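Below, each chain spelled out in residue letters.
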Amino acid sequence: MTWPSLERFRDPALGQRLLGEIRRLAEHLTRPVTLMEFCGSHTHAIMQSGIRQLLPPQVRLLSGPGCPVCVTAQADIDRAIALASRPEVLLASFGDMLRVPGTTHSLQQAAAEGASVQVVYSPLDAVALAGQHPDREVVFLGVGFETTAPGVAAAVQWAQARGVRNFSVVSLHKFTPPAMRAILEAGEVRLDGIIGPGHVSAVIGSEAWAFLPREYGLPVAVAGFEPVDILLAVRGLVRMVVEGRAEVVNAYPRAVRPEGNPAAQAVMQQVFAVADAEWRGFGVLPRSGMALREAFRPWDAWARFGVPEVPSREPPGCRCGEVLRGVLTPPECPLFGRVCTPEAPQGPCMVSAEGACAAWYGYGRGEEAHSAH
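Conventions adopted
Residues numbered from 1 in each chain as written. Predicted model: local features only at pLDDT ≥ 70, side-chain atom pairs only at ≥ 80, totals over all residues. Heavy atoms only, no water. Pairing = 2+ DSSP bridges. Helix = DSSP H or I, 4+ residues; strand = E, 2+ residues; numbered from the N terminus. Axes fitted to C-alpha atoms, helices over the stretch in contact; angles between N-to-C directions. Disulfide = S-S within 2.5 Å. Buried < 20%, exposed > 50% of the residue type's maximum accessible area, 1.4 Å probe, protein only. Phe/Tyr/Trp six-rings, centres within 6.5 Å; stacked < 30°, edge-to-face > 60°. Core = buried A, V, L, I, M, F, W, Y, C linked by side-chain atoms within 4.5 Å. Contact = heavy atoms within 4.5 Å. Arc of directions from axis to C-beta. 1 Å grid on protein atoms, 1.4 Å probe; cavity = no way out; pocket = protein on both sides within 12 Å on 5 of 7 lines; lining within 4 Å. Points joined across faces, edges and corners; volume = space filled by probe spheres on them. Nonpolar A, V, L, I, M, F, W, Y, C, P; charged D, E, K, R; others polar.

(A) Representation of the sheet that holds strand 3 (residues 89-93) within the structure. Spatial ordering of the open sheet is given by 4-3-5-6, a layout of 4 strands whose pairing is parallel. Strands with a single pairing partner mark the edges of an open sheet, and in this sheet they are strand 4 (116-119) and strand 6 (167-171). Across the sheet, the axes of successive neighbouring strands diverge by a mean angle of 25°, strand direction being ignored. Sheet analysis places strand 3 next to strand 5 (residues 137-142), joined by 4 bridges and oriented parallel. Residue Leu91 lies in a different strand from strand 5, and its bridge partner there is Val139.

Okay, structure coming up:
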């Protein structure tokens, strides 16, 4: 199948047409509706393109927990910093993690104090570092959802196959559906539809979200990341609300299949076992984490180094956890834009490229953002 060029999904005329259809559908709503975009990349795309301001007032968009850096528990960040401070360890990480505040300092500050911390762009880069530094223990800080987990799993398999023994992984990877279930079970926010994450769904498949209409009567539209992609998803959700239907609609078929990517799923299942995991703002969510299987225990950094729990606390005044649950919008946090800025972030929601606070600060600091107070 041949898909239109990417420019078609950025076409202003098509976007205006879809907005008109959404406005006409919204006239049939009996009450305002709230749609949650799960994915942090969707939040940034929505803010950048001004979609929130362009939608009819009956349709509200709310950011969700789809920022893997943001949902990483404070205790896990503190343990990673403690691990990086060991003289034999070279910690490799994606760049976003370096500036996330721990209880007392960040990985970036630990590096300034002498810890060996290096930014990499792929987990295989970390395996290569292990080859370049045979006298060091290279630890990759694995943070992410189902999107990045297959690459980390493949890196572990690569290291095992080649006998790379000075490489290991801290697996803080998480499954996304349990977080969505936790939000609905908590009942803190009323949601009428979910914009499903495109990158994650490319791996796990659009049908992985079928539990939402089946168990909660909630419609889902999986979306891509261009303005037209998002508007297609919003149109589909508003239409289902108006018609009283709850289904999974795949509005991103050029990248997402119902069954997802079986090869990526297979490598995850080979390397990772399902485990409980702690999420910032949520606490421990059962069966939401990915722990290395016993066969890969020699490459499990937690097992190798026995890093103990350390006393942890959330950044004072930071409301990132409530933003992740959709309870607050970023401007409703008293630190937002005042004490907490991208230059001096108080919490991970302002640090990460997928963080809602970073998106609102960068694109929504005008009247629309502050009207949330």
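(B) Structural view of the state of the cysteines. Under the defined criterion, the tally for this structure stands at 2 disulfides. Each disulfide pairs two cysteine sulfurs, and for Cys67 the partner residue is Cys70, the sulfurs being separated by 2.3 Å. In this structure, the disulfide formed by Cys67 and Cys70 twists by about 65° around the S-S bond and is classed as right-handed. Like Cys67, the residue Cys70 is buried in the burial classification. At a sulfur-sulfur separation of 2.1 Å, the disulfide partner of Cys320 is Cys349. On the sign convention where negative is left-handed, the bridge of Cys320 and Cys349, at about 70° about the S-S bond, is right-handed. One end of the pair, Cys320, is in helix 15 (residues 320-324); the other, Cys349, is in the loop between helix 15 and helix 16 (356-363), and 29 residues separate them in sequence. Each of the two residues, Cys320 as well as Cys349, counts as buried. In the chain, numbering the disulfide-bonded cysteines from first to last in sequence yields the connectivity 1-2, 3-4. Lacking any disulfide linkage, Cys357 is separated from the closest cysteine sulfur, that of Cys349, by 4.7 Å.

(C) Seen up close, the packing of aromatic side chains. The tally for this structure, following the rule as stated, stands at 9 aromatic pairs. When the centroid spacing of 5.9 Å and the interplanar angle of 55° are considered together, the rings of Phe38 and Trp209 count as tilted. Taken together, the residues span a long stretch of sequence, with Phe38 in strand 1 (residues 33-39) and Trp209 in the loop between helix 10 (198-204) and helix 11 (211-216) at a distance of 171 residues. Each member of the pair, Phe38 as well as Trp209, carries the same accessibility label: buried. Ring geometry for Phe94 and Phe140: centres 5.4 Å apart, planes at 80°, overall edge-to-face. Residue Phe94 is found in the loop between strand 3 and helix 6 (107-112), and its partner Phe140 is found in strand 5; the two are separated by 46 residues along the sequence.

(D) The nonpolar core, seen in detail. Residues Phe167, Met180 and Trp209 are the most contacted members of the largest nonpolar core, which totals 103 residues. Top contributing element to this core by residue count: helix 8 (residues 149-161), with 6 residues. Counting residues in each nonpolar core, the second largest holds 28 residues, with Leu14, Leu29, Ile46 and Val228 among its members.

(E) How the structure looks around the sheet that holds strand 1. Spatial ordering of the open sheet is given by 2-1-7-8-9, a layout of 5 strands whose pairing is parallel. The strands lining the two open edges of the sheet, one partner per strand, are strand 2 (59-66) and strand 9 (248-250). The sheet shows a mean angle of 20° between the axes of neighbouring strands, taken without regard to direction. One ladder, built from 3 bridges, connects strand 7 (residues 193-196) with strand 8 (residues 220-222); its direction is parallel. Considered in strand 8, the bridge of Ile194 is made with Val220. Helix-sheet contacts for helix 2 (residues 40-49) involve strand 1, strand 2 and strand 7, and the interaxial angle to strand 1 is about 120°.

(F) Layout of helix 13 (residues 262-271). Along helix 13, the residues that are buried comprise Ala264, Val267, Met268 and Val271. One side of helix 13 carries all its buried residues, which in axial view fall inside an arc of 100°. Residues of helix 13 that are buried sit in contact with helix 8, helix 10, strand 10 (272-279) and strand 11 (283-292).

(G) Layout of the pairing of strand 2. When you tally the buried positions in strand 2, you get 7 out of 8 residues, the bulk of the element. Note that strand 1 and strand 2 share 6 bridges and pair parallel. Looking at the pairing, Met36 lines up with Leu62 of strand 2.

(H) The arrangement of unusual backbone geometry in detail. Phi at Arg287 takes a positive value of approximately 55°, unusual for a residue other than glycine. Locating Arg287 in the fold gives a position in strand 11. Judged by relative accessible area, Arg287 falls into the exposed class, the value being 57%.

(I) Main features of the layout of surface pockets. Quantified by volume, the largest pocket comes out at close to 430 Å³. Along the walls of the largest pocket sit 17 residues, with Phe175, Pro177, Pro178, Val274 and Arg287 positioned nearest its centre. Looking at the lining of the largest pocket, the elements that each hand over two or more residues are helix 9 (177-186), helix 13, strand 10 and strand 11. Looking at the lining of the largest pocket residue by residue, the class counts come to 13 nonpolar, 2 polar and 2 charged. Considering only enclosed or pocket space, the second largest pocket measures out at about 340 Å³ in volume. In this structure, the second largest pocket is lined by 20 residues; those nearest its centre are Pro68, Gly144, Phe145, Thr148 and Glu354.

(J) The arrangement of helix 5 (residues 74-84) in detail. The element helix 5 is largely enclosed, with a buried count of 10 among its 11 residues. Gln74, Ala75, Asp76, Ile77, Asp78, Arg79, Ala80, Ile81, Leu83 and Ala84 are the residues of helix 5 that are buried.

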